[in-house]
Amino acid sequence: MASKNKKNKTDEKPLKKSFTLEEIQEKDPYDQPEYYFNRELSWLDFNYRVIDEANDLDNPFLEQLNFLAIGSSNLDEFFMVRVAGVYDQYLAGVEISENKTYMSPKELLDEIQKSNQRNITEQYRRYHELTYYLSNYNYEIKRIATLNEAELASVKDYFDNMILPTLSPIGIDAYKAFPHLINKALNIMVVLEKNGKSFHALVPIPPLLDRYKILTATNQRTLVFTEDIIAHFIDSMFKGYEVVEAFPFRITRNADFNIREEGASDLLVLIEDYVKQRRNGMAIRLEIDTSYGLAVDSPTINFLSDVLELEKTNVYLINGPLDLTYLFDLIDLLRDKHPELSYKPFEPYLNPKHLGLELFDSIKEQDLFFHHPYDSFQPVVSLIESAANDPKTIAIKQTLYRVSKNSPIIAALKRAADNGKEVTVLVELKARFDEENNVFWARELEEAGCHVLYGISDLKTHSKISLVIKKEDDRIQQYVHLGTGNYNEKTARLYTDMGIMSVDPALTEDASKFFNYLSGYSQRPEYKHLHVSPFEIRDSLLDYIDEEIGYQKEFGNGRIVAKMNSLTDKTIIKKLYEASQVGVQIDLIIRGICCLKPGVEGLSETIRVRSIVGRLLEHSRVYYFNRNNENHLFLSSADMMTRNMTQRVEIEFPILDKQIEDNIVDILKMQLEDTLKARVLQSNGLYERPNRETVKLNSQEAMIKDAQARSAQLNQEIEEKQEQRTVKEGWFARILRRFQ
């Protein structure tokens, strides 16, 4: 067992100006910029892999479009948070942006612009290709200039009656300041002329307007964008002026604000104020649709960037409709009529014994393992629902980070409180972009009589844990659920996550200590099995890597497999380099960001990194250490990221059941053999497809088939038992008739 009382390691922050790169490198030979990938640039490489899935013809047509939409949605958040942070550093005059590649904020912003422009070019190239084929399915996207007379008349009527009354044109001059524009909303920029003078105006497009108008003729449906309609008829709003230019643009605002909790008398009110502040953040990105005949050297572009106080690196000229997230709605329209154009739906494996009160009997028989979405999330929901209704239940304790809009778990917790159970819920109010939703649920739970906690000051509680306490046979029995993903039944159908349910006394005792620590005043407890960050998870991982280094030196069998969303923590990366240099074999399955450079001679030759981007979002965190062939396997809510190690309350928990451990090891092996959805990271930063000539394996589809096979086998067993029961009942009936 790794030691638990190490001195907390220093958090990683932007370097102070007083330090020079040479001084740092003298102290640590691993502090060489060429040994690392930059976090932001690595994320952009990840988003490129998402966009590239639109080129995979093995993905159904609508799923290819979906990956383009996901790429746009991802990018919005990236700019609002990550790029915003770098831009703040640039404006503050920080010399070194981060502690791995040591780029200045200006250098990093330039590189972000180059990488993202590459992504956007590929995204829109594929977008235009795919939308061309919409006509095969009776849909077509048209520019308003290409409409026939009847279509144009229909659009004109729609504009006059449904759009024009909602618009508020805004002139810009010395007496009319540039308005505050809504984050991510579309606007029309207008350049006017009159009597030889030039004027600027804006037409904000209300976000509640439909993004497009659908024109129906026989079986064909034609989509015309709302911004195209407004731009075409915009002269009707500026009588007496000549419209010289009219084009859509969109801004993205900084959402990266620190919440100052110290001295706050009401955290709920503080969070609500924070959300309002974020809506008014500084502009961080300007996107302009140049397909309206706008010249790339148009002075209007400079006018917009100047008035928004943006550098050229944050201005993107795009040849196509802005904000491709509109595709989500279009995909839903098409899916209703053409379900064959999407992934074939599958039903997760669900054992009836893992529902209702029978679930608790199953947990007492043995630890239960769930690999969502291949295994149904319903048992996790049922754990809380059944406990809420069971008279034996005394208390329920749970952490909530992100939940669905109509969460059945929230409903069950409220019902439990109404039934007189002691309900303690930690709702993390600082879950980024879910703050409003979580404030709402916090108030709802409080009104229902639950004890609601808001976490620990200046830390986010990202742990996924539930504890049910019952009185059974005159004794207290505790049931714990620990997982890698959120208590959200919606995302549990799209994200791969793992979890266990157990009555192991050491685990349930640790769970009880964890909740008492969050709810009361006490020193950090000593846990038997759990590792809890801040810092403790990092310490444990470093200890286990050190153990593998020792085993490699003594037995030559050092082996590490780690699966996570992102790897950014420099302290852990250095330790992995150290392990590689003595020959420890290391396989990393990292969906998103990876700051480690694999395969570098003399540094990381035994480290291999792969990313799996496919139908499902790989979200589980698994840490495996060979430990001289004894195996040591953990699941966690935490990635190997500095924020997870030092700025969040996270849980890492061991797998104690040998059968479950073997199951998870088999899953890791399968993902390491994936050739269809995996991409392997090279030391030059490029991701390449594995060799598909000998083996063609899509690990996600293989696990879907396995879930279906398990379901079929279970159904067969249930049918056989039913037949046996029927035969037995018939036999007893015949015997009974004889005696009658």
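Residues numbered from 1 in each chain as written. Predicted model: local features only at pLDDT ≥ 70, side-chain atom pairs only at ≥ 80, totals over all residues. Heavy atoms only, no water.

With that settled, consider the packing of aromatic side chains. Evaluated as defined, the whole model comprises 22 aromatic pairs. Ring centres 5.9 Å apart and planes at 85° place the aromatic pair Phe78 and Phe79 in the edge-to-face group. Under the relative-accessibility criterion, Phe78 is labelled buried at 3%. What makes Phe79 buried here is its relative accessible area of 0%. Ring geometry for Phe225 against Tyr326: centres 5.0 Å apart, planes inclined by 90°, an arrangement best described as edge-to-face. Note that Phe225 is positioned in strand S6 (residues 220–225) and Tyr326 in the loop between strand S9 (315–318) and helix H9 (327–337), a separation of 101 residues in sequence. (Phe/Tyr/Trp six-rings, centres within 6.5 Å; stacked < 30°, edge-to-face > 60°. Buried < 20%, exposed > 50% of the residue type's maximum accessible area, 1.4 Å probe, protein only. Helix = DSSP H or I, 4+ residues; strand = E, 2+ residues; numbered from the N terminus.)

Next up on the list: the pairing of strand S7 (residues 242–253). Here strand S3 (residues 186–194) runs beside S7; their pairing, made up of 8 bridges, is antiparallel. From the neighbouring strand, Val190 faces S7, where its bridge partner is Ala246. Alignment of S7 against strand S8 (residues 283–289), held across 5 bridges, turns out to be antiparallel. Within the sheet, the bridge partner assigned to Phe249 lies in S8 and is Ile288. (Pairing = 2+ DSSP bridges.)

Turning our attention to the environment of Asp390. Topologically, Asp390 is positioned in the loop between helix H11 (378–389) and strand S11 (393–400). As for Asp390 and Leu357, which are separated by 33 residues in sequence, their C-alpha atoms are 7.9 Å apart. If we skip the residues at most four places from it in the chain, Asp390 touches Leu357, Lys421 and Lys470. One polar contact links Asp390 to Lys470, side chain to side chain, over a distance of 2.7 Å. (Contact = heavy atoms within 4.5 Å. Polar contact = N/O pair within 3.5 Å; in protein donor to acceptor, adjacent residues only side chain to side chain.)

Inspection of the entire model under this criterion finds 45 salt bridges. The closest approach of N and O atoms between Asp587 and Arg608, which form a salt bridge, is 3.0 Å. Taken together, the positions of Asp587 in strand S20 (residues 585–590) and Arg608 in strand S21 (residues 607–612) put the pair 21 residues apart, joining distant regions of the chain. When salt bridges that share partners are traced, they join Asp52, Glu53, Asp56, Lys677, Arg679 and Arg689 into one network. (Salt bridge = Lys/Arg side-chain N within 4 Å of Asp/Glu carboxyl O.)

On the basis of which strands lie adjacent, the open sheet formed by 3 strands has the order S1-S6-S5 and mixed pairing. Since the sheet does not close on itself, it has two edges, and those belong to strand S1 (139–141) and strand S5 (212–217), each with one partner. For this sheet the average axis-to-axis angle between neighbouring strands, irrespective of direction, equals 25°. Note: S1 against S6, 3 bridges, orientation parallel. (Axes fitted to C-alpha atoms, helices over the stretch in contact; angles between N-to-C directions.)

Quick look at the environment of His128 now. Along the chain, the position of His128 falls in helix H4 (residues 105–132). Owing to a relative accessible area of 38%, His128 belongs among the partly exposed residues under this scheme. Along the sequence, His128 and Glu605 sit 477 residues apart, while their C-alpha atoms lie 41 Å from each other. The contact partners of His128, leaving out residues within four places of it in the chain, are Asn319 and Gly320. At 2.9 Å, the side chain of His128 forms a polar contact with the backbone oxygen of Asn319.

An order of S2-S4-S3-S7-S8-S9 is seen for the 6 strands of this open sheet, with the pairing classed as mixed. Taken across any chain shown, the strands that pair with only one partner, and hence form the sheet edges, are strand S2 (170–172) and S9. Going from strand to strand, the sheet's axes swing by 30° on average, the running direction of each strand aside. Across 4 bridges, S8 lies against S9 in parallel orientation. Paired with Glu287 across the bridge in S9 is Tyr316. Docked against the sheet, helix H3 (residues 61–92) engages S7, S8 and S9, running at close to 135° with respect to S8.

Below, the discussion takes up the nonpolar core. Grouped together as the largest cluster of nonpolar side chains are 125 residues, with contacts concentrated most on Ile230, Leu327, Leu567, Leu576, Leu588 and Leu596. When residues of this core are assigned to their parent elements, the largest contribution, 13 residues, is made by H3. When near neighbours in sequence (up to four residues on either side) are disregarded, Leu567 contacts Ile573, Leu576, Leu588, Ile590, Ile593, Cys594, Cys595, Leu596 and Met640. Counting residues in each nonpolar core, the second largest holds 45 residues, with Leu459, Ile469, Leu616 and Val649 among its members. (Core = buried A, V, L, I, M, F, W, Y, C linked by side-chain atoms within 4.5 Å.)

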